[in-house]
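Notes for the structure review
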Amino acid sequence: MTANLDTTASLNVEAAAPVDPAELRKARRERVDRTARWLLPVVVMVATIALWQWYVDAFKVPHYILPGPDRVVQALIADWSMLWPALLITIAITLGALVIATIGGVGLAVLFAQSKWVEMSFFPYAVILQVTPVIVIAPLIFIYVPSKIAGLLICAWIVAFFPILSNTTLGLNSADHNLRNLFQLYGATRWQTLRYLRLPAALPYFLGGLKIAGGLSLIGAIVAEFVAGTGGLGSGLAFKILEASYRLNIPRMFAAILLISVTGIIIFASLSVLSHLLLRHWHESAIKRDS
Amino acid sequence: MSKAPAPAPASVSAPALRLTGDFHHAGRPLFTGLDLAIADRGWTCLLGPSGVGKSTVLRLLAGLDTGGTFDGDISASDGAPVATRIAFMAQSDLLAPWLDVVGNVTLGARLRGEAPDLVRARALIERVGLAGHVDKRPASLSGGMRQRVALARVLMEDRPIVLLDEPFAALDARTRAEMQELAFEVLEGRTVLLVTHDPAEAVRLGHHLFILSEDGLTRVDVPASPPIRAVDAPETMEMQARLFHALRGRPA
């Protein structure tokens, strides 16, 4: 890997003054790759939207069946004052659930890591919670839990906590065996082994789980809102979608769906950036290598 | 690479060690009637093929789990306990990938709840030739450099007994020779047990030499010249050939 470092250094030099035609070709290929990475998805999106618009116009599709992109954008702008507060509520529920799922998932994983018996006793129930569709538990939760916000949070939490629990448990158990021996040799206490060895070793696994949980908590929040189905003050985007579908206001449905997708993408991108920042110096998955 | 002044020798005097007894794994004996005497203040090499219990001997001395039952005795010449006075270096570098070089070297201090002596850590890192790399993580170091970090950590711990479990086996020939010389120099005055399957390494470094095989432990006389021995000296090469044959089951 010294060679690796040397290559990085020499690459930098050659990037400043490219002389070798092979290097030139490589640099050009990298430039093309970098551009293609964002240009191609944008081209596909523009093409899809153009096709969609053309189809709606050419076949005179009624807007209450399939609105064109123009009408969706109009709805987004016209209904912004109604969609924006609803989006904020949905985001609040999503992030709240993600935070609780993180605390709960990591907490349970640490508890499981302390004792095989605890893990054996409770892991199956975590699996049961995970495999039972939230949409069938949600109505019960809204009966038993008086606060609607609490009900929404619980539903979203049930969906989101499992990947964090499962990945963190795996991570805590994957600490290098030889390093554990070293810690034993140093007379490290159980707590120190957890704090300085098992938790750092579990971090990449936890972050992988967190990325999945980010998307799931949004899905959980939306599903729970659908089930809760009550309007009025403090209702989220899912309720706006339900309401718009009752009124056959299809453009507004599309606008709301668009907002949910964008939210999901932003959550995923943020968690990916967080993961990269935390791992870039040491974990195999985030270290940039040549060749 | 500039050499910093040599660190102080082991602050506690290094004892001789003795391990006697039987070891059973899964109901079958791995070794019986073993009597391994490790001389004080020098390198004892334990040479043998894989699977005869070399690493088990190290783990027993270090007080680590062995997955078997040991019926015997481990003692030091000064009567003090052994397992608490040991530093350990293995074939894998045993570095925490999330800690930088200084963090890894001072890991022991942190686990003991002490404020790490950063000045000393930096001096030792410089001593093993890594002056420009103090804040790098293991992933951006080569295999040889990582073993240097591991060696700096052993020096930082400053234990009188050092156990080495094939620490140079994964290195290329040149790096291995350099690391052998460096380790031999900086570990002077400590009781060192080197487990290896490389006859050349054993001949080069050993004040005392044992072969551990399925038939048990055999002491082998080393060349008269003191280690660290030249690779190309006739007596070294002759000895190396004898050990090689002994490893293959012919008389040493």
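Shown above is the structure to which this text applies.
Residues numbered from 1 in each chain as written. Chains lettered and ligands numbered in written order. Predicted model: local features only at pLDDT ≥ 70, side-chain atom pairs only at ≥ 80, totals over all residues. Heavy atoms only, no water.

**Quick word on the sheet that holds strand E3 (residues 42-47) of chain B**
All names here are of chain B. Heads up, the condition is: Following DSSP output, two strands are said to pair if at least two bridges run between them. Helix and strand assignments follow DSSP, with helices taken as H or I runs no shorter than four residues and strands as E runs no shorter than two, numbered in order from the N terminus. Fitted lines through C-alpha atoms serve as axes, helices being fitted only where they are in contact, and the angles separating the N-to-C directions of these axes extend from 0 to 180 degrees. Whether two residues touch is decided by their heavy atoms; if any such pair falls within 4.5 Å, the residues are in contact.
Strands sit in the order E5-E6-E7-E3-E8-E9 across an open sheet of six strands; the sheet is mixed. Strands with a single pairing partner mark the edges of an open sheet, and in this sheet they are strand E5 (86-90) and strand E9 (216-220). Averaged over all pairs of adjacent strands, the angle between strand axes in this sheet comes to 20°, irrespective of strand direction. Running at roughly 175° to E5, helix H5 (residues 143-157) makes contact with E5 and strand E6 (161-165) of the sheet.

**With respect to the environment of Leu279(A)**
Residue and element names in this part refer to chain A. Considering the arrangement of structural elements, one finds Leu-279 in helix H11 (residues 250-279). As for Leu-279 and Ala-86, which are separated by 193 residues in sequence, their C-alpha atoms are 35 Å apart. Once you skip the residues sitting within four places of it in the chain, Leu-279 turns out to touch Leu-203, Pro-204, Leu-207, Ser-285 and Ala-286.

**Some thoughts on the nonpolar core**
Basically, it comes down to this: Here the nonpolar core consists of buried residues drawn from Ala, Val, Leu, Ile, Met, Phe, Trp, Tyr and Cys, with membership extended through side-chain atoms lying within 4.5 Å. When a residue's accessible area, from a 1.4 Å probe over protein chains only, is under 20% of the maximum for its type it is buried; when over 50% it is exposed; and in between it is partly exposed.
With 64 residues, the main nonpolar core has Leu46(B), Val57(B), Leu61(B), Ile86(B), Leu163(B) and Leu193(B) as its most contacted residues. Per element, the largest residue contribution to this core is eight residues, and it comes from helix H9 (residues 190-228) of chain A. Excluding anything up to four places from it in sequence, Leu163(B) contacts Leu58(B), Leu61(B), Ala62(B), Ile86(B), Ala87(B), Phe88(B), Met89(B) and Leu193(B). Counting residues in hydrophobic clusters, the runner-up holds 45 residues, among them Val192(B), Leu194(B), Val203(B) and Leu243(B).

**So, unusual backbone geometry**
Going from Pro227(B) to Ile228(B), the amide bond is cis rather than trans, its omega being 10°. Along the polypeptide, Ile228(B) turns up in the loop between E9 and helix H8 (234-247).

**A few points about the interface of chain A and chain B**
Operational definition: Computed with a 1.4 Å rolling probe, the buried area is the accessible surface lost when two parts are put together, summed over both parts. A pairing counts as a salt bridge when a side-chain nitrogen of Lys or Arg comes within 4 Å of a carboxyl oxygen of Asp or Glu. Polar contact is defined as a pair of N or O atoms within 3.5 Å, subject to the rule that within protein one atom must be able to donate a hydrogen and the other to accept it, and that residues adjacent in sequence are counted only when both atoms are side-chain atoms. By the convention adopted, Pro, Cys, Tyr, Trp, Phe, Met, Ile, Leu, Val and Ala count as nonpolar, Lys, Arg, Asp and Glu as charged, and the other residues, Gly among them, as polar.
Of the residues lining the interface, 21 residues belong to chain A; the matching set on chain B comes to 28 residues. Counting each side, the surface lost to burial between chain A and chain B is near 2300 Å², with a carbon and sulfur contribution of 66%. Of all residues in chain A, the largest losses of buried area upon contact with chain B belong to Leu185(A), Tyr186(A) and Trp282(A), amounting jointly to 32% of the total for that side. Across the chain A-chain B interface, the total number found is zero salt bridges. Put simply, chain A and chain B have two residue pairs in polar contact (both at pLDDT 80 or more) between them. Those elements that place two or more of their residues in the side of chain A that touches chain B are helix H1 (2-16), helix H8 (177-185) and H9 of chain A. It is H8(A) that provides the largest number of residues to the side of chain A that touches chain B, a total of seven residues. Here the side of chain A that touches chain B is composed, by residue class, of 14 nonpolar, six polar and one charged.

**Side note on the packing of aromatic side chains**
Two measures describe an aromatic ring pair: the distance that separates the ring centres and the angle between the ring planes. Heads up, the condition is: Aromatic contacts are taken between Phe, Tyr and Trp rings whose centres are within 6.5 Å, Trp giving its six-membered ring; a plane angle under 30 degrees counts as stacked, one over 60 as edge-to-face, and the others as tilted.
Considering all chains together, one arrives at eleven aromatic pairs over all chains under this definition. Between Trp157(A) and Phe161(A), the ring centres sit 4.5 Å apart and the planes meet at 10°, which makes this aromatic pair stacked. One end of the pair, Trp157(A), and the other, Phe161(A), are both in helix H7 (residues 148-172), four residues apart, so they sit about a helical turn from each other. Ring centres of Phe23(B) and Phe31(B) lie 5.8 Å apart, and the angle between their planes is 35°; this geometry places the pair in the tilted category. Exposure remark for Phe23(B): the relative accessible area of 1% places this residue in the buried category. Since its relative accessible area comes to 6%, Phe31(B) is described here as buried. Joined through ring pairs, the aromatic side chains of Phe112(A), Phe123(A), Trp157(A), Phe161(A) and Phe162(A) make up one cluster.

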